[in-house]
Amino acid sequence: SYLMTHFDHIDDYDAEISPHMRDHFMARKIGHMLALARARFGDRSLSFLDAGCGTGHHARALRDAGYEATGIDDSERQIVRARENDPHSRFVCGSMLSLPFPDGAFDVSYAINSLHHLDSRAAQDAAVRELFRVTKPGGLVIVHEMNTRNPLIRFYLTSVFPRLKPIDTGAELWILPSHWQERYGAACGAASYFTFTPDFAPRILLPLFVALERILERTPLRIWSAHYAVTIGSPKASA
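Residues numbered from 1 in each chain as written. Predicted model: local features only at pLDDT ≥ 70, side-chain atom pairs only at ≥ 80, totals over all residues. Heavy atoms only, no water.

In this structure the tally under the stated criterion is zero disulfides. Looking at Cys93, it has no disulfide partner, and the nearest cysteine sulfur is the one in Cys53, 9.1 Å off. On the basis of relative accessibility, which here comes to 36%, the residue Cys93 falls in the partly exposed class. (Disulfide = S-S within 2.5 Å. Buried < 20%, exposed > 50% of the residue type's maximum accessible area, 1.4 Å probe, protein only.)

This is the structure in C-alpha cells:
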C-alpha cells in the first residue's frame, strides 16, 4: 500500500509547521536545487516536477523564481490545498509509483521528504525509477530526505515528532545518505548537507540559529545536519 494517503486525514497540513520554519527550510532546499539547475542548464527556461508536492509551496517558489513547476501527490486533500495556494501551477493527484507523465517530460524531477512515506524499499526504488523515466536525458533527479544518520534526528523523528504531529505515523522508512552511493555508485553525486535549526525554533531566535548552522555547514560536522540532498544520474542496469 501507499502510505502517503494518511495526509488526507490531516485537517491543515500547513498549520503543523510554523510558517517561518517552513519558509526557512523551503528557501534552503529551493536555493540548493536552483544552484544545481543553473550550473547544469544556465539561465534557460526549465520545467520541474515536484513528486510528493503536498500543499504546493515548493512548486510555487519555483514558479515565483520564473520556472515551470508541476506537482503530484497521492493525497487529494493536499492537491486541493496546493491549487488554492498556487492557482497558476499544475497539480495532479496520482502516485509516485506510476507518474502520469510521458518519458522525458521534465528538465528536473525532485522529491522532498516524500520517499520515506512509501511502505517498502522496493516502492522507494520504483519511485526513483519513475523520476528517471520522466526526466529528460541529461536532466537532474534530486532527492531530499531527513538525515537520520544523526542519532538525535532519528530519535526525534521516530519517537517524538509522531507524538506531536500527524505528519509522520512512526512507520516511515528513513533513507540514510549512504544508501544512494550504495545503490547508484558513480551515478550518485556527493550528498549535500544543510540545516541544523530545529523545526520548533521560535521566530525571534531564527537569525541566531541560521548563523550557527551556516558555520556548522562549513565544518566536518555538516554530516550530522537535519537535511540532506543527493543528485543522481542514470540508474544502474539492475535498477
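Another point: the pattern of salt bridges. In the structure shown here, the tally under the stated rule is 11 salt bridges. In this structure, Arg44 and Asp107 form a salt bridge, with 3.3 Å as the shortest nitrogen-oxygen distance. Taken together, the residues Arg44 in the loop between α1 (19-41) and β1 (47-51) and Asp107 in strand β4 (residues 106-112) connect sequence positions 63 residues apart. Residues Arg81 and Glu84 are paired through a salt bridge, measuring 3.3 Å at the closest nitrogen-oxygen approach. Residue Arg81 and its partner Glu84 are both found in helix α3 (residues 76-85); the two are separated by three residues, about one turn of the helix. Looking at Arg81, the relative accessible area reads 26%, which means it is partly exposed. On the basis of relative accessibility, which here comes to 54%, the residue Glu84 falls in the exposed class. (Salt bridge = Lys/Arg side-chain N within 4 Å of Asp/Glu carboxyl O. Helix = DSSP H or I, 4+ residues; strand = E, 2+ residues; numbered from the N terminus.)

Turning next to the side chain of Thr197. In this structure, Thr197 sits in the loop between β6 (192-194) and α7 (206-216). Classification of Thr197 by relative accessible area gives buried; the value is 2%. Looking at Thr197, its side chain comes within polar contact range of the side chain of Glu213, at 2.8 Å. Thr197 has contacts with Met21, His24, Phe25, Leu206, Phe209, Val210 and Glu213, leaving out every residue within four places of it along the chain. (Polar contact = N/O pair within 3.5 Å; in protein donor to acceptor, adjacent residues only side chain to side chain. Contact = heavy atoms within 4.5 Å.)

Time to look at the sheet that holds β6. Read from one edge of the open sheet, seven strands run β3-β2-β1-β4-β5-β7-β6, paired in mixed fashion. Pairing within the sheet leaves two strands with one partner each, and these edge strands are β3 (90-93) and β6. Here the strands of the sheet are splayed against their neighbours by 20 degrees on average, with no regard to which way each runs. Summarising the sheet, β4 and strand β5 (residues 135-146) pair through six bridges and their orientation is parallel. From the neighbouring strand, Ser109 faces β5, where its bridge partner is Val141. (Pairing = 2+ DSSP bridges. Axes fitted to C-alpha atoms, helices over the stretch in contact; angles between N-to-C directions.)

The next thing to look at is α7. Since there are 3.6 residues in each turn of an α-helix, residues three or four apart along the chain are aligned in direction. Taken residue by residue, α7 has Leu206, Glu213 and Leu216 as its buried positions. Summarising the axial view, the buried residues of α7 lie within an arc of 85 degrees, below the 170-degree limit, and thus occupy one face. Turned more than 90 degrees off the buried face of α7, the exposed positions are Pro207 and Leu208. Lining the buried residues of α7 we find α1. (Arc of directions from axis to C-beta.)

Let's shift gears to the side chain of Thr195. For Thr195, the location among the structural elements is in the loop between β6 and α7. Look at Thr195 and you get buried, because its relative accessible area is 1%. Apart from residues no more than four positions distant in its own chain, Thr195 is found in contact with His24, Phe25, Arg28, Glu213, Glu217, Ser225, Ala226 and His227.

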